[in-house]
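Per-entry structural report
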Amino acid sequence: MSIFKCSICGFTYDEAAGLPEKGIAPGTKWEDIPHDFLCPWCGAPKSAFGEEKEQVIVATTAAPEDEDFESLRELSAGELSALCSNLAKGCEKQHLTEEMDLFNQLADYYKSKVPVQNGKGFDAVAKLLNSDLTEGYAKANASASAKADRGALRSLVWSEKVSRMIKSLLDRYSKEGDAMLLNTKIYVCDICGFVYIGNNLPEICPVCKVPNYKISQIGRR
């Protein structure tokens, strides 16, 4: 019996256990599951799953002392807004109410400075996501590993899962169109950005494991 894992949210299907709540009996082979199967957590298609292999730990070397910092740049208003918003959430977890409010004010200020993007569609978003998934995360993980930055590595794990999830949703939308969003709700996790389309939220966020009261419904415009 094998185990197959969703590459987007991390949900695992164990052939030995099956998925009785979805009508899949214990012992059902992965290849015998219908092609229209969707991940119970994030709604990703069957093609997003891969067989779990034994992990091999690869040692990393530390970055040289004379690391080149020429690539450093000034953060954009949008990036500063996201940074302050994340700091506010960190303060909330530590019950630092005053600091949380101040960071939220900064986040709102920088958000107001973000220029309006006109003429940007799904193709432009998909291009950015593909760039991140094929190049960006590999570089960021290598840098964080070299510095043994556990916090950055954890954030990158969450971020990559959410990016893969959004790419999957965009792929579905390109095929199904507006019908994909009819008679359903859209939710986003306040902590990691997990996106859920459906009416029955999972008990916990499949990405960052916070309870579902941290997942907010997004209104339609």
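Structure: see above.
On a predicted model such as this, the values are computed, not experimentally measured, just so you know.

1. Describing unusual backbone geometry
Most peptide bonds take the trans form, and the phi angle of most residues other than glycine is negative. Its identity is not glycine, yet H95 carries a phi of approximately 60°, on the positive side. With respect to the helices and strands, H95 occurs in the loop between α1 (77–93) and α2 (97–112). Overall, H95 belongs to the exposed group, its relative accessible area being 71%. Its identity is not glycine, yet A148 carries a phi of approximately 55°, on the positive side. Mapped onto the fold, A148 is located in the loop between α3 (122–146) and α4 (150–176).

2. Some details on the sheet that holds strand β1 (residues 3–6)
One open sheet holds the three strands; their spatial order is β2-β1-β3, and the pairing between them is antiparallel. Among the strands making up the open sheet, the edge pair consists of β2 (12–14) and β3 (49–51). Taken over all neighbouring pairs, the strand axes of this sheet differ in orientation by 25° on average, direction set aside. Sheet analysis places β1 next to β2, joined by three bridges and oriented antiparallel. Residue pairing in the sheet places K5 in a bridge with T12 of β2.

3. A few points about the sheet that holds strand β4 (residues 186–189)
Read from one edge of the open sheet, three strands run β5-β4-β6, paired in antiparallel fashion. A single partner strand is all that each edge strand has here, and the edge strands are β5 (195–197) and β6 (215–217). Pairwise comparison of adjacent strand axes, ignoring direction, gives a mean angle of 25° for this sheet. Where β4 lies against β6, three bridges are found, and the strand directions are antiparallel. Residue pairing in the sheet places V188 in a bridge with S216 of β6.

4. Examining the pattern of salt bridges
Counted by the stated rule, this structure contains five salt bridges. The closest approach of N and O atoms between E15 and K29, which form a salt bridge, is 3.9 Å. A residue pair is termed long-range when its members are at least 10 positions apart, and E15 in the loop between β2 and β3 and K29 in the loop between β2 and β3 qualify at 14 residues. Given a relative accessible area of 2%, E15 falls into the buried group. For K167, the salt bridge is made with D171, and the minimal N-O distance between the two is 3.3 Å.

5. Focus: the nonpolar core
Ranked by internal contacts, the top residues of the largest apolar core, which has 33 residues, are C6, C42, C192, F194 and C205. Breaking this core down by element, the ones donating at least two residues are β1, α4, β4 and β5. Top contributing element to this core by residue count: α4, with four residues. Apart from the residues lying within four places of it in its own chain, the contact partners of F194 are W41, C42, V162, M165, Y187, V188, C189, P202, C205, P206, V207 and I215.

6. A short note on the packing of aromatic side chains
Tallied over the full model, the rule gives 10 aromatic pairs. The interplanar angle of 45° and the centroid separation of 5.6 Å between the aromatic rings of Y13 and W30 together place this pair among those described as tilted. Of this pair, Y13 sits in strand β2 while W30 sits in the loop between β2 and β3, and the two are 17 residues apart along the sequence. The residues Y13 and W30 share a single accessibility class, namely buried. The rings of F4, F11, Y13, W30, F37, W41 and F49 are connected pair by pair, giving a single aromatic cluster.

Definitions and cut-offs
Residues numbered from 1 in each chain as written. Predicted model: local features only at pLDDT ≥ 70, side-chain atom pairs only at ≥ 80, totals over all residues. Heavy atoms only, no water. Helix = DSSP H or I, 4+ residues; strand = E, 2+ residues; numbered from the N terminus. Buried < 20%, exposed > 50% of the residue type's maximum accessible area, 1.4 Å probe, protein only. Pairing = 2+ DSSP bridges. Axes fitted to C-alpha atoms, helices over the stretch in contact; angles between N-to-C directions. Salt bridge = Lys/Arg side-chain N within 4 Å of Asp/Glu carboxyl O. Core = buried A, V, L, I, M, F, W, Y, C linked by side-chain atoms within 4.5 Å. Contact = heavy atoms within 4.5 Å. Phe/Tyr/Trp six-rings, centres within 6.5 Å; stacked < 30°, edge-to-face > 60°.

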